Amino acid sequence: MVPSRCLSLAVGLLLVAIPNPAFSDSVFDPVTDSDPDPNDENAPQDGHLHGCMLFLNEDHTPQEPLVGKDFEAFTTSGYKVEDEAGSTAASCTDGRAGGYPCNNIDLMSVMELSELDGETSSNFRMANDIWGWTHSGREFAIVGLKSGTAFVEITDPYNPVLVGKLPARNNAYSSWRDIKTCQDHAYIVTEAKQGMQIFDLKRLLNATPTTTFDADAIYDEFENAHNIFINEETKTAYVVGSNKCGGGLNIIDLTLPLAPSFKKCFADDGYTHDVQCVNYSGPDADYQGKEICIASNEDTVTIIDQSTGTMLSRVGYEDDRYTHQGWLTEDHKFFIFNDELDEYTQGGKTRTHVLDVTELSNPSYLGYYEGRTAAIDHNNYVLNDQVYQANYRAGLNILKIVDPSKMTFKEEAFFDIYPDTDENAFHGAWSNYPYLPSGNIIVSGIEQGLFVLKQTSRPGVPTSSPSPTASPSASPVASTGSPTSSPSTSPTASPVASTGAPTSSPSASPTASPVASTGSPTSSPSASPTASPVASTGAPTSSPSVSPTASPVASTGAPTSLPSAFSSTKSPVASTGAPTSSPSVSPTASPVASTGAPSSSPTASPVAPTKAPTKAPTSGSPCIERTFSNFLLKRTNRGALKIKNCKYLQRLKNQGKNITNICASTASTDKFKPAKDVCQVTCGTCSSNCVELGSAKAYWKTFGKKNHKTTKCEWLANKSAEAQEKACAFDESPTGFDFNVAKVVCPVTCKQC
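How each quantity is defined
- Residues numbered from 1 in each chain as written.
- Predicted model: local features only at pLDDT ≥ 70, side-chain atom pairs only at ≥ 80, totals over all residues.
- Heavy atoms only, no water.
- Buried < 20%, exposed > 50% of the residue type's maximum accessible area, 1.4 Å probe, protein only.
- Helix = DSSP H or I, 4+ residues; strand = E, 2+ residues; numbered from the N terminus.
- Core = buried A, V, L, I, M, F, W, Y, C linked by side-chain atoms within 4.5 Å.
- Salt bridge = Lys/Arg side-chain N within 4 Å of Asp/Glu carboxyl O.
- Disulfide = S-S within 2.5 Å.
- Pairing = 2+ DSSP bridges.
- Axes fitted to C-alpha atoms, helices over the stretch in contact; angles between N-to-C directions.
- Polar contact = N/O pair within 3.5 Å; in protein donor to acceptor, adjacent residues only side chain to side chain.
- pLDDT = per-residue confidence, 0-100.
- Contact = heavy atoms within 4.5 Å.
- Arc of directions from axis to C-beta.

Engineer: When you look at helix α5 (residues 646–654) in this model, what are you seeing that I'm missing?
Structural biologist: Helical geometry note: an α-helix holds 3.6 residues per turn, so side chains three or four residues apart project in the same direction. With eight of nine residues buried, α5 is to be regarded as a mostly interior element. Among the residues making up α5, those that are buried are Cys 646, Lys 647, Tyr 648, Leu 649, Gln 650, Arg 651, Leu 652 and Lys 653. One or two steps after α5, the chain reaches Gly 656, where phi turns positive at roughly 80°.

Engineer: What am I meant to see in the nonpolar core here?
Structural biologist: As a rule of thumb, soluble globular proteins bury nonpolar side chains together. In this structure, Leu 116, Phe 415 and Leu 450 are the most contacted members of the largest nonpolar core, which totals 67 residues. Tallying contributions element by element places strand β4 (residues 105–112) first for this core, with five residues. Core analysis: the next-biggest nonpolar cluster, separate from the first, contains 18 residues, Ile 292, Leu 328, Tyr 365 and Tyr 368 among them.

Engineer: Would you mind going over the pattern of salt bridges with me for this structure?
Structural biologist: When the charged atoms of two side chains lie near each other, side chains of opposite charge can form a pair. Within this structure, the stated rule accounts for 16 salt bridges. Residue Asp 178 is joined to Lys 180 by a salt bridge in which the shortest nitrogen-to-oxygen separation is 2.9 Å. No difference in accessibility class separates Asp 178 from Lys 180, as the two residues are buried. In this structure, Asp 200 engages Lys 202 in a salt bridge whose closest nitrogen and oxygen atoms are separated by 3.3 Å.

Engineer: How should I be thinking about the state of the cysteines in this particular structure?
Structural biologist: By definition, a disulfide links the sulfur atoms of two cysteines through a covalent bond. On inspection of all chains with the given rule, the structure shows nine disulfides. One disulfide bridge connects Cys 245 with Cys 265, the sulfur atoms lying 1.9 Å from each other. Taking the sign of the S-S torsion, -65° for the link of Cys 245 and Cys 265, the bridge is left-handed. Highlighted residues: Cys 245 in the loop between β16 (236–240) and β17 (249–253) and Cys 265 in strand β18 (residues 261–266), separated in sequence by 20 residues. A residue is classified by how much of its surface remains accessible, and Cys 245, at 8% relative accessible area, is buried. Each sulfur of the disulfide joining Cys 646 and Cys 679 lies 2.1 Å from the other. With the S-S bond torsion at -95°, the cross-link from Cys 646 to Cys 679 turns out left-handed. Here Cys 646 is found in helix α5, whereas its partner Cys 679 is found in the loop between α7 (675–678) and α8 (680–683), with 33 residues between them in sequence. Overall, the relative accessible area of 0% leaves Cys 679 in the buried class.

Engineer: Just to check I follow, could you spell out the sheet that holds strand β24 (residues 334–339) for this structure?
Structural biologist: By definition, the strands of a sheet pair up through backbone hydrogen bonds, in either a parallel or an antiparallel sense. Sheet architecture is open: four strands sit in the order β23-β24-β25-β26, paired in antiparallel fashion. Two strands in the sheet have a free side with no partner beyond their single neighbour: β23 (323–328) and β26 (364–370). Along the sheet, successive strands turn relative to each other by an average axial angle of 30°, direction set aside. Pairing geometry for strand β25 (residues 351–356) and β26, over six bridges, is antiparallel. Its bridge partner lying in β26, Leu 355 is registered against Tyr 365.

Engineer: Mind showing me how you'd approach the sheet that holds strand β32 (residues 441–445) here?
Structural biologist: Ordered by their spatial adjacency, four strands build an open sheet running β4-β33-β32-β31, and the pairing between neighbours is antiparallel. Two strands lie at the open edges of the sheet, namely β4 and β31 (429–433), each paired on one side alone. Neighbour-to-neighbour, the strand axes of the sheet open up by a mean angle of 20°, direction not taken into account. Both β32 and strand β33 (residues 449–455) contribute to a ladder of five bridges, which runs antiparallel. Residue pairing in the sheet places Val 443 in a bridge with Phe 451 of β33.

Engineer: Looking at this structure, how should I read the pairing of strand β20 (residues 291–296)?
Structural biologist: For a regular strand, the rule is simple: side chains alternate between the two faces of the sheet. Burial runs high along β20: six of the six residues are buried. Bridging between strand β19 (residues 274–279) and β20 involves six bridges; their strand directions are antiparallel. Within the sheet, the bridge partner assigned to Val 275 lies in β20 and is Ala 295. Of the strand pairs in this sheet, β20 and strand β21 (residues 301–305) are connected by five bridges, and their pairing is antiparallel. In the sheet register, Ile 294 faces β21, and the bridge partner there is Ile 303. Between the end of β20 and the start of β21, which pair antiparallel, lie four residues, with Glu 298 showing a positive phi angle near 75°.

Engineer: When you look at the environment of Gln 650 in this model, what are you seeing that I'm missing?
Structural biologist: Note on placement: Gln 650 falls in helix α5. Residue classification places Gln 650 among the buried residues on the basis of a relative accessible area of 5%. Considering only alpha carbons, one finds Gln 650 and Cys 683, 33 residues apart in sequence, at a separation of 9.0 Å. Within polar-contact distance, the side chain of Gln 650 engages the side chain of Ser 695 at 3.2 Å.

Engineer: Any chance you could explain the confidence of the model for the protein chain here in plain terms?
Structural biologist: As a note on interpretation, predicted positions should not be read in detail where pLDDT is low. Confidence in the prediction for the protein chain averages 78 pLDDT; 71% of positions are at 70 or higher. Within the model, pLDDT remains below 50 along residues 39–50, and this stretch shows 46 contacts once partners closer than five positions in the same chain are excluded. Residue range residues 463–614 is modelled with pLDDT below 50. Its contacts to residues more than four positions away, or to other chains, number 582 contacts.

Engineer: I'm lost on the environment of Glu 221 in this one. Help?
Structural biologist: Inspection of the secondary structure puts Glu 221 in the loop between β14 (217–219) and β15 (227–231). Judged by relative accessible area, which is 45%, Glu 221 ranks as partly exposed. Spatially, the C-alpha atom of Glu 221 lies 8.6 Å from that of Met 196, the residues being 25 residues apart in sequence.

Engineer: Just to check I follow, could you spell out helix α10 (residues 721–729) for this structure?
Structural biologist: The complete set of buried residues in α10 reads Ala 723, Gln 724, Ala 727 and Cys 728. With its buried residues spanning 125° around the axis, α10 presents them on a single face. For α10, exposure combined with an orientation more than 90 degrees from the buried face picks out Ala 721, Glu 725 and Ala 729.

Engineer: Is there a simple way to explain unusual backbone geometry in this structure?
Structural biologist: Leave glycine aside and you will find that most residues have negative phi; peptide bonds, for their part, are mostly trans. A positive phi angle, near 60°, is found at Asp 319, a position not held by glycine. Positioned with a positive phi, Asn 384 is a non-glycine residue whose angle comes to about 55°. We classify Asn 384 as buried; its relative accessible area is 0%.

Right, dumping it as structure tokens:
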């Protein structure tokens, strides 16, 4: 039996329910943080945990929005709130919407984490999954948080309203939460041991803003789960990655919304990370009308006839690393999916993989399309002839499906919610939801919060929700009837009113070809976004990132991002068989034990002197250490690579652990260098007296009279030349503020040496 890959490691801790305080009255922390500890030597080491540990190794400090009055006060871009349609709106002009890189997408509003989750201390503010719900013309975003689930009305997309929050059960927090809807109810699962929360969404219609809700029911036939998908046509939920059914498909009947009942398991292919199940209407005549599930099973795509519980096929592909999530084209001929770790472990550009499923018992892997950035793709959905991708650091990326049989796509639009860099790390966009009748697109940012966006490059807006059953023709065909599913046309900048009132969110996979519709939607799509973070294909704002080499080259300007020398020109080779083992992923959970004192190099931002020197004399080439640059920790006895980043090493050092052996290692590969060459500041191996630690914080600016802000050196290095010049011009930080000025803390970026 394969356990859930993101198990709660809080063994022996008593989860005690405590009253939930009012939204605005106080701040509270979890009874227990149910995420695994990345440094726990006893943490499970199976497939999914590698992705979990990579995610947990990252710094997810909340980010402030790059729009609004505070941003206007600092930016030199010419952005003015008074010129926009809302207080946090920004039109995409000359490749920028406020401070966000963009193309053919306008920002209508952003609600930051402090608004979504204000009663939780900032150490625990983090967003994850997102889904949508509509009722009588009103639209809502349902946003997963580490501390619970937030409900935001976005009927007026320029003025979102936080209706309220459903806290985590027993206040046990988790970075993984997944939400789907059916019959006006939300079903919420998490990696914490909380079962499934059920919430009646109609309560939102008359609730007072910032209400703290309780669940209407709890389904406790399992404890923890990674994901949930719901086929609204059959009122069937598919819980995956749980502690039941071997981590495979835990199939639940939702006919009675508040009293679900267990139907059966499918566990013949082990752990399932994500799944999409549809009433099949594709070209394979043997299965038309049957409920077919396509599962992303870590190292294969596995196809199941749910009506008989039979596995029809399983197919792997060359260089698989972690088969994460995918979605069918609307004609049910192709499955477009992502691998969460291929960009991370192999480098290159974002890969969008394509599986030909015209024969369900004999699918064929066709290869992949390479995107514009190096970001990791995390969750993608299909609507009409577009793929909507949440690609971590590249944000939302929209691809037009040109010819999937030839892996031919065209980038239609993007909105980059993490402008610092587009490298392959686990920050930024977690998921997106493109099925609202208004045509608006909602995106969840792990460190940013909720974005409401509008694509401006396509005519028309959805007038109904995605259809699980009707298979459209290759050419658009006018319809005079009322569709039961998929929105028929792509969203535009100017929403067109819907003639009917949707009752919920779309319930199955949209088709590849648009079908015009005049009817009203009946529900919304129910596919399941995944949990582990992965990157995006948004607009690069900086140069690609490479791990520093043994001999750093002097830089005369500010670096724009982490190095990424992971370029790959290798053509994909289709594989018809299933791989024999689980994906080989990078870092280990076990830190190298330590008993000695940390090495001498600094790992935090200097605080003293208040006066900054002009330029320091330099011997040797300056050294810049970036937080998420990867190095080779070791090879296991089986030859697997254990990869860590500089943040991991900094953490060990700050904990007083001995890192001497790690910094003395010379083990390397073509892609991964040893720690002494990558983390030169932490290891103390820099030959120069001019060093800069990417994670070090410096005084940046002041809002109002006393609201002082910091910037990390690696953030400052990615900002505009004007912003750098302003930050580097300060000679001293405000009295009583604990962080020194940028020219002292970030001497390389500020060109002080």
